[in-house]
Protein chains: 2
Amino acid sequence: MIPPPDVVPPGAAMEIHSEELAERLSGLLKANDTSGVLRQIESVVAADIAAATRHLEEDESVALLKILPEEFSADVLVEMGDDVREEILERLTPREIADAVEEMASDDAADVVAELEEDKATEVVDLLEEEDRAEITQLLLYPEESAGGIMQLEVVSVRQDRTAARAIEKIRLAFPDVREDFYYVYVTDHDGRLVGKIPLPRLILANPEQRIRDLMDEDVHPVPADLDQEEVAQIFQKYDLPSLPVVDRDRVLLGRITVDDIVDVIQEEAAEDYSRLAGTDEEEFQEESVYRKAAIRLPWLVTGLFGGVLSALVLSRFEHDLRAVIALTFFVPVIMAMGGNVAIQSSAVMVRGLATGEVTHRDATRRLLREVGVSVITGIVCAALIFFAAWLWWGDLRLGIVVGGAMLAVIFISTSVGAFVPLTLDRLRIDPALATGPFVTTSNDILGILIYLGFASWIYRVMA
Amino acid sequence: MIPPPDVVPPGAAMEIHSEELAERLSGLLKANDTSGVLRQIESVVAADIAAATRHLEEDESVALLKILPEEFSADVLVEMGDDVREEILERLTPREIADAVEEMASDDAADVVAELEEDKATEVVDLLEEEDRAEITQLLLYPEESAGGIMQLEVVSVRQDRTAARAIEKIRLAFPDVREDFYYVYVTDHDGRLVGKIPLPRLILANPEQRIRDLMDEDVHPVPADLDQEEVAQIFQKYDLPSLPVVDRDRVLLGRITVDDIVDVIQEEAAEDYSRLAGTDEEEFQEESVYRKAAIRLPWLVTGLFGGVLSALVLSRFEHDLRAVIALTFFVPVIMAMGGNVAIQSSAVMVRGLATGEVTHRDATRRLLREVGVSVITGIVCAALIFFAAWLWWGDLRLGIVVGGAMLAVIFISTSVGAFVPLTLDRLRIDPALATGPFVTTSNDILGILIYLGFASWIYRVMA
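Residues numbered from 1 in each chain as written. Chains lettered and ligands numbered in written order. Predicted model: local features only at pLDDT ≥ 70, side-chain atom pairs only at ≥ 80, totals over all residues. Heavy atoms only, no water.

**Student:** I keep staring at the domain arrangement of chain A and nothing clicks. Help me out?
**Tutor:** It is common to give the size of an interface as the accessible area that goes away when the parts come together. Residue and element names in this part refer to chain A. Segmenting chain A into domains produces domain 1 (11-150), domain 2 (157-258) and domain 3 (279-462). Summing both partners gives a buried area of about 790 Å² for domain 1 against domain 2, and 54% of it is carried by carbon and sulfur. It is Glu145, Ala147 and Ile150 that lose the most area in domain 1 upon contact with domain 2, and together they represent 58% of the buried surface on that side. Viewed at the interface, domain 2 and domain 1 are joined by zero salt bridges. At the junction of domain 1 and domain 2, the tally comes to five residue pairs in polar contact (both at pLDDT 80 or more). In terms of residues, the side of domain 1 that touches domain 2 owes the most to one element, helix H11 (residues 147-150), which gives three residues. Residue composition of the side of domain 1 that touches domain 2, by class: five nonpolar, two polar and three charged. (Domains from an automatic or database assignment. Buried area = accessible area lost by both parts, 1.4 Å probe. Salt bridge = Lys/Arg side-chain N within 4 Å of Asp/Glu carboxyl O. Polar contact = N/O pair within 3.5 Å; in protein donor to acceptor, adjacent residues only side chain to side chain. Helix = DSSP H or I, 4+ residues; strand = E, 2+ residues; numbered from the N terminus. Nonpolar A, V, L, I, M, F, W, Y, C, P; charged D, E, K, R; others polar.)

Okay, structure coming up:
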């Protein structure tokens, strides 16, 4: 048996631990040694087993889940990576899934059911006990990325006119059904409307006869069930909270969202923005198949390729000028690259600001003007440098003027476009991170070439 | 007075709320209406005031902090953005800072002291009470981005041989010094070594005579004080925990890290990777000054510019070939752009995988081979498309062969380099996110041109 590590080891070692655990489990499963498996899992928690399943064959994971105690097996399913779980769920019967789902917190249960194919989901839901069925059906009505979609219905609340002692008594009675990870007791009025919260330590340490009303905090920051999860995450971060209550339009308490789910939301949203900036999709980060990875990247690349062919066509229209002054071609790459660089910088700043809530439409104009200001400074510096490089090394003043002038114009325009597009997309309720995608960058490339060669043919005519 | 919003409004509205609050506070401060300010803040929490300071003048924020009750004012300082706080701290006397610091949790106190200039920090520390001084001095010894650097020393622990009732009694006695946001009571042996944890709800609801030893969970996942914060974040995410204990080499409990600090770490690390990919620095996301924003972007741009000039020089060495077949120049942009695109895709996948712990050095070779596999598929598709485009539209088979062949080679090489560099940087303990920076992308550009034109001059000689 692997002893649990005394002190959690750094990342690499943690991963080795998962692989070692997987190897041992795999050996025991092959030998049909059920009691060996059960002994092995005594020293680990569900998250460890879930991590190990990434290194197990599908058959082995399925066999393992059937051996584990029901509750443990449900936890392992919850902790697993989405991609692994999807495959495992296909191999389990509706009955097996229903048994696991009944052990889960309502939010995890709803997520698992939502991942199933429609027919199987219906079968599983039909097999559930009345109460679980009602809960899951309710949760599935909310959009996946809304507060309602990530909340759980398990929430501890007491009426404001109770005493501390009665409140604790009530929690004690409800305990078998309540998970151990609650930090706040929410306080409601007699209509179930949320009026406050009490941190659990305060409730315990209060005078037993004190009224809840006098112990509670009123700043409870309820979120409406239809609020987008990204905005929920912003509220968590602003107020540094372990959980937030979710309410309906009448402020009636529906459920709560815990910070560990918010950590996942933050990672997801960050991965999404990052992958868009890199020209891929966040799905790829978990994808194992080379073919599917290539399929995810190709749309970006083919769009870029199409843009490249358009650039080639634009360049060929200037063939006459390029033949006359071949040195003009040498600077095409740098003009295009710099246009791309500044556009990415300014769009990334906007995308990030919109994601964290630091950029709002109220101050959009001020933000745009600031980017224009930045572009003037960076443009002048870069234009001056390239002007001297082109003039001195190639000994052609006109070339210097053309390259420097085009650089200034391209940086100015590309920075502004880069900042403007995400703001516009966001206003149209389209993900602003698309601004860093291939369509916008490609348009910028072509615009850059047009500015450069248009300016060049004008200057060479004027200064001929 | 602005009533607290009934239900927390979405992001934009939240921001308006901050600005409105700032305007009201500003008006009251101008009128020297201290009691008005105090009435105003009754309905909000420190995080709201902190958000409002972003819209206040420095003078106003400083005046506000002096009016607020000491504890509240300390909370506002803690919740403020780093950039705003830095300016405010410069305006406060060491005495004022020391008074605020004494109200803070130890981790926040140490962060504030670490932000001060050295002389002022020493003055502040000297003004602190003995106990606070010792704590802060201890915390400042840990690297800023390690578990020790983000932990707080306030931690609730009990001995394993106590009963539940005595444990609660002990917490009650310690209460005035303990913050209300603890979720686990940690369990130690008689040498102070960590042996387990009890969720607070379980402790409260237990039979008072039960021994702590029999109530506790042993899977407590202690982290060593020198563990990097990114790896701490990975453990939080793997086990979905609200807090983690920090221990020394003998497993003696030192403090704890709470998940709200981890949320900040995750945001920070994501912002860092994102900003590097975009060619800027995460500092810029909070920067207001146009000059400083430009200064942050310029190193990236100037490196890119330098690379562009090198590309121009490389192109000029092939002037003869370019003059002979002017159409070759038309495809320079697309070859370079595609090389850049695929390199960014594969490095981003690696950088992200290393950041989340999904990619480890153990499976580095497998990951690299997978990227090579992806490059073969994407390379063949893109090469075929551009081959036909060049051949059919320009009616030159050799051009098609040159452009298609170079595309295949460039995609193959750039993808592999893109995947290899972050792995190597990580092995050298350098931030792998630098792989998406200007140096690597520029080298890739030049490599792309060399491959393309080298291949071109060979083919045109061979097929002349």
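**Student:** Explain the sheet that holds strand E5 (residues 243-247) of chain A to me, please; I cannot follow it from the model alone.
**Tutor:** Strands belonging to one sheet form pairs held by backbone hydrogen bonds; the direction of such a pair is parallel or antiparallel. Residue and element names in this part refer to chain A. Taken in spatial order, the three strands make up an open sheet running E4-E5-E6, and their pairing is mixed. Across the chains shown, the open sheet's two edge strands, defined by having one partner strand only, are strand E4 (223-224) and strand E6 (253-258). On top of the sheet, helix H15 (residues 229-239) reaches E4, E5 and E6; it is set at about 135° to E5, its chief contact. (Pairing = 2+ DSSP bridges. Contact = heavy atoms within 4.5 Å. Axes fitted to C-alpha atoms, helices over the stretch in contact; angles between N-to-C directions.)

**Student:** I keep staring at the interface of chain A and chain B and nothing clicks. Help me out?
**Tutor:** Chain A puts 123 residues into the contact, and the matching count from chain B is 123 residues. Across the interface of chain A and chain B, roughly 11400 Å² is buried in total on both sides, 68% from carbon and sulfur atoms. Linking chain A with chain B are six salt bridges, by the criterion used here. Of the charged contacts, one joins B:Asp48 and A:Lys238 as a salt bridge, the two residues approaching to 3.5 Å between their closest N and O atoms. The tally of links between chain A and chain B comes to 14 residue pairs in polar contact (both at pLDDT 80 or more). When residues of the side of chain A that touches chain B are assigned to their parent elements, the largest contribution, 17 residues, is made by helix H17 (residues 290-317) of chain A.

**Student:** Explanation requested: the sheet that holds strand E6 (residues 253-258) of chain B in the structure shown.
**Tutor:** All names here are of chain B. The strand order across the open sheet built from three strands is E4-E5-E6, with neighbouring strands paired in mixed fashion. Both edges of this open sheet fall to strand E4 (223-224) and E6, since each of them pairs with a single strand only. Here E4 pairs with strand E5 (residues 243-247) via two bridges, running parallel. Its bridge partner lying in E5, Pro224 is registered against Val247.

**Student:** Looking at this structure, how should I read the relation of the copies chain A and chain B?
**Tutor:** Between the two copies of this chain, the relationship is a rotation about some axis together with a displacement along it. Here chain A sits on chain B after a turn of 180° about the axis and a move of 0.1 Å along it, with an RMSD of 0.1 Å. Taken together, these values place the two copies in the relation of a two-fold axis. When the interface residues of chain A are mapped onto chain B, 100% of them again lie at the interface, so the same face is used by both copies. (Least-squares fit on C-alpha atoms with pLDDT ≥ 70 in both.)

**Student:** I keep staring at the nonpolar core and nothing clicks. Help me out?
**Tutor:** General note: in soluble globular proteins, nonpolar side chains tend to be found buried as a group. In terms of nonpolar packing, the biggest core is built from 81 residues, with A:Phe331, A:Met407, A:Tyr452, B:Phe331, B:Met407 and B:Tyr452 touching the most fellow members. Top contributing element to this core by residue count: helix H23 (residues 438-462) of chain B, with eight residues. Setting aside its immediate chain neighbours within four residues, A:Met407 contacts A:Val334, A:Ile335, A:Met338, A:Cys382, A:Ala383, A:Ile386 and B:Leu305. Counting 64 residues, the second-largest nonpolar core is a separate cluster that includes A:Ala147, A:Leu153, A:Phe236 and B:Ile150. (Core = buried A, V, L, I, M, F, W, Y, C linked by side-chain atoms within 4.5 Å. Buried < 20%, exposed > 50% of the residue type's maximum accessible area, 1.4 Å probe, protein only.)

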